[in-house]
Amino acid sequence: MSLFIQQVLNGIMLGSVYSLVALGLTLEYGILHIPNFTHGALYMAGAYVTFLLATSLGLNFWLAMVISMIALALIGMIMERLVYRPLMLESPLNSFIAAIGMIFIFVDGALYLFGPDFKRFPPVHTQIVQVLGTTITFQRIIIIFVTVTLIVLLHLFIKKTVVGATIEATAQDMEGARLMGINVKRVRMMVFALGTALAAAAASLIAPIHLVHPGMGGPVILKAFVIIILGGMGSIPGAIIGGFLLGLVESLSGGYISTSYHEVFSFGVLVTVLAIRPTGLFGGKG
Amino acid sequence: MKTLSHLYSPKRLAVLLLILLGFTIPFFVTSRFYLHILIMCCLWGMAATSMNLIMGYTGQVNLAHGAFFGIGAYAAGLLMLKLGLNFWPALVLACIITMALGFCIGILALRTKGSYFAIGTMCFNVIITVIIDSWEELTEGARGLLGIPRPSAIPLPFGGEITFTSMPSYYYLVLISLLLTLLVIYRIVHSMLGRSFMAIRGNEELAESLGIHAMRTKLLSFLISTVFAGLAGVLYASYIGFLSPEISDYHITFEFLIFCMIGGLGTLGGPLIGAFLLTVVSELLQGIAIPRLVAYGFLLVITIIFLRGGIVGGAQMLWLRVSGKERR
């Protein structure tokens, strides 16, 4: 029982990270139709920024995380402006190939700058908490808490503010939004800023538990794609529920079956779903 | 009716000259290092050319291509090391195994379209690499396969035999395989089948309305391209003599993709030019501390935004402009 609760808590923690990454991706892919594969590389970059700020400058962890989110939001906006905007009116496949190019730039740039070794984060919140008879570190509880806060804030931003409404309008009908006087280009940049900031937050939260290294974004982005394809393109609840579900599945199968094949398992699910429903579980058009 | 001038068109002459140059290079290049680069160019050229068939001509961005290269390499290596097979039967069997796995993956993945296909095949690529890495009883996992033999000698009818132990002889083997790949793909592209591939690239629904069975045609293109990727993998395994799971990694797929994009997607010579150019440049720059893949990344982004046709497409555009045939 203790193992079960431990794995469930771990799963929820992993799931929060997946949800945050998938949320950013679902905004970019579902709303702007850009398969932004670079998202995982930006996630990695976010972890590095937080890591460097916290260790070299000795900043407080939370301050470092906020700065990292802002920095990554800027990088996301620049990327949208320079790379994805010129490809705006073309097949998403071209954006996809450009994204692969940018993965090379970010991941191998990080490899070149910081080396391939795993960076250990200085421990942040190591207090131990008793939950239902199992002990877990405080950091894990904080991850879940911050994730929920960020999700609620995002929801309020999109549903309650005018700026958020322009995002929703663009998602529903880009032409219509433009006719209503919404600056679609600005919405695109804003969506990218939001998405990459969420990725940076997720990476910074998990960094003290997992290690920081250049390849850390690869598996995460593939899983985020699994989530948004299963949960439906552009669906925010789909990304959240899918993220937690995948985290739980992975942590439970890792705890009870085997850890070396858990990637095969989650991609196997995706491939099966795609084989049965080629446009995703809730997808309409391809 | 073929006229004499058509038979001796500058394009044909240039191709003939290039083939002649390819065959005579070992006579004046004796350095093992340069021959090694040439062999790698031919191998990557084969892989990129085969990827071009499914991606450039049929319009399906197959991001599992590196996995098929790895499957071919591992299949040949395992058949030779574990079953003690001779190189030539292992080569044939490895190609068949690659095609069989290509069939299984293709029939699932090809149901999807566009970016879903790209993502799906990429997941397949990761799955295959993880399986090669984790199935240690069969593949030795991360330790890799060591000591894969070179091709066995072919006896000639009048005594004597062709051996593949020296560098030039192996170079001829890969060169002939490359030319064979190019010939097959050239013939396919210029046949009715190639037309139906391109029709699917243009518009799948429209092609189907004209009586082209889209699924079957795409699968055929997929299978042909995997066979040649497998063949390149076999030759690679036998040349390098060592295999590790990285050889099926999606980074290999991305390299093929870059060769195709830089050279010119959907042109016969493009992927070949891309593979030769980038292999030569990266091998020559190996001593200099330039993050090669970062440069590749920039090249890829710039190509996709500004020079969609790659080098060949750019040259064609330039030629049209210079010769004043540009359509207005």
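What counts and how
Residues numbered from 1 in each chain as written. Chains lettered and ligands numbered in written order. Predicted model: local features only at pLDDT ≥ 70, side-chain atom pairs only at ≥ 80, totals over all residues. Helix = DSSP H or I, 4+ residues; strand = E, 2+ residues; numbered from the N terminus. Rg over C-alpha atoms; globule rule 2.2 N^0.38 Å. Buried ≥ 20, exposed ≤ 12 C-beta atoms within 10 Å, placed from the backbone. Contact = placed C-beta atoms within 7 Å. Core = buried A, V, L, I, M, F, W, Y, C linked by C-beta atoms within 7 Å. pLDDT = per-residue confidence, 0-100. Axes fitted to C-alpha atoms, helices over the stretch in contact; angles between N-to-C directions. Parallel < 35°, antiparallel > 145°, perpendicular 65-115°, else oblique. Left-handed = near helix turned anticlockwise from the far one by under 90°. Nonpolar A, V, L, I, M, F, W, Y, C, P; charged D, E, K, R; others polar. Expected span 1.5 Å × (residues − 1).

Asks: What should I look at first to understand the overall build of chain A in this one?
Replies: In terms of regular secondary structure, chain A is built from eleven helices and two strands. Along chain A, helices (α) and strands (β) appear in the sequence α-α-α-α-β-β-α-α-α-α-α-α-α when read from the amino end. Its C-alpha radius of gyration of 19 Å places chain A within 12% of the 19 Å reference for a compact globule of 286 residues. Along the three orthogonal principal directions, the C-alpha set of chain A runs to about 60 × 45 × 40 Å. With 286 residues in all, chain A has 50% of them scored as buried. Across chain A, the fraction of contacts at a sequence separation of at least 24, relative to all contacts at a separation of at least 6, is 76%.

Asks: What exactly am I supposed to notice about the environment of T137 of chain A here?
Replies: Examined against the element boundaries, T137 of chain A turns out to sit in strand β2 (residues 134-137). Residues T137 of chain A and Q127 of chain A lie ten residues apart in sequence; the distance between their C-alpha atoms is 5.7 Å.

Asks: How do you make sense of unusual backbone geometry when you look at a structure like this?
Replies: Peptide bonds are trans in most cases, and residues, glycine excluded, mostly fall at negative phi. With a phi angle near 60°, H33 of chain A is a residue other than glycine that sits in the positive phi range. What makes H33 of chain A partly exposed here is the crowd of 16 C-beta atoms within 10 Å.

Asks: Is there a simple way to explain the environment of G238 of chain A in this structure?
Replies: All names here are of chain A. Relative to the elements of secondary structure, G238 occurs in helix α10 (residues 236-256). According to the C-beta neighbour criterion, G238 is buried, with 23 such atoms within 10 Å. Separated by eleven residues in the primary sequence, G238 and I227 have C-alpha atoms spaced 7.9 Å apart.

Asks: Please explain the nonpolar core as it appears in this structure.
Replies: Grouped burial of nonpolar side chains is what soluble globular proteins tend to show. Core analysis: the biggest nonpolar cluster contains 192 residues, and V21, M44 and A202 of chain A together with L43 of chain B have the highest contact counts within it. In terms of residues, this core owes the most to one element, helix α8 (residues 184-206) of chain A, which gives 16 residues. Filtering out sequence-adjacent residues up to four positions away, V21 of chain A remains in contact with H39, Y43, A199, A202, V220 and A224 of chain A.

Asks: Explain the confidence of the model for chain A to me, please; I cannot follow it from the model alone.
Replies: The predicted coordinates should not be examined in detail at positions where pLDDT is low. Per-residue confidence for chain A gives a mean pLDDT of 83; residues scoring 70 or more make up 92%. Here strand β1 (residues 128-131) of chain A stands out as the least confident element of chain A, with mean pLDDT 71; helix α3 (residues 61-84) of chain A is the most confident, with 91.

Asks: Please explain the interface of chain A and chain B as it appears in this structure.
Replies: It is common to give the size of an interface as the accessible area that goes away when the parts come together. The interface is formed by 33 residues belonging to chain A together with 31 residues belonging to chain B. Of all the elements in the fold, those that place two or more residues in the side of chain A that touches chain B are α4 (92-114), α9 (217-231) and α11 (262-276) of chain A. Ranked by residues supplied to the side of chain A that touches chain B, first place goes to α4 of chain A with 14 residues.

Asks: How should I be thinking about the packing of helix α2 (residues 39-55) of chain A against α9 of chain A in this particular structure?
Replies: Axes are the key here: two packed helices are described by the angle between their axes and the distance separating the axes. All names here are of chain A. Where α2 meets α9, the axes come as close as 8 Å, and the angle between the chain directions of the two elements is 135°. Taken together, the axes of α2 and α9 lie oblique to each other. As α2 runs across α9, the sense of the crossing is right-handed. Along the contact surface, α2 presents H39, G40, A41, Y43 and M44, while α9 presents G217, G218, V220, I221 and A224. Class assignment of the residues belonging to the contact of α2 with α9 gives a composition of six nonpolar, four polar and no charged.

Asks: Would you explain the packing of helix α6 (residues 162-172) of chain A against α8 of chain A in this entry?
Replies: Residue and element names in this part refer to chain A. Viewed as axis vectors pointing N to C, α6 and α8 meet at an angle of 105°, and their least axial separation amounts to 10 Å. Taken together, the axes of α6 and α8 lie roughly perpendicular to each other. In this structure, α6 uses T166, I167 and T170 to contact α8, whose residues at the interface are V184, V187, M190 and V191. When the residues that make up the contact of α6 with α8 are grouped by side-chain class, the tally is five nonpolar, two polar and no charged.

Asks: Which parts of the structure should I look at to understand the confidence of the model for chain B?
Replies: Looking at chain B as a whole, the pLDDT averages 86, with 95% of positions reaching at least 70. Listed scores for the predicted complex are pTM 0.84 and ipTM 0.78.

Asks: Is there a simple way to explain α8 of chain A in this structure?
Replies: It helps to recall that an α-helix has 3.6 residues per turn; residues three or four apart then point in one direction. In a regular helix each residue adds 1.5 Å, so 23 residues correspond to 33 Å; α8 of chain A covers 33 Å between its end C-alpha atoms and thus fits that length. Counting buried residues in α8 of chain A gives 20 out of 23 residues, a clear majority hidden from the surface.

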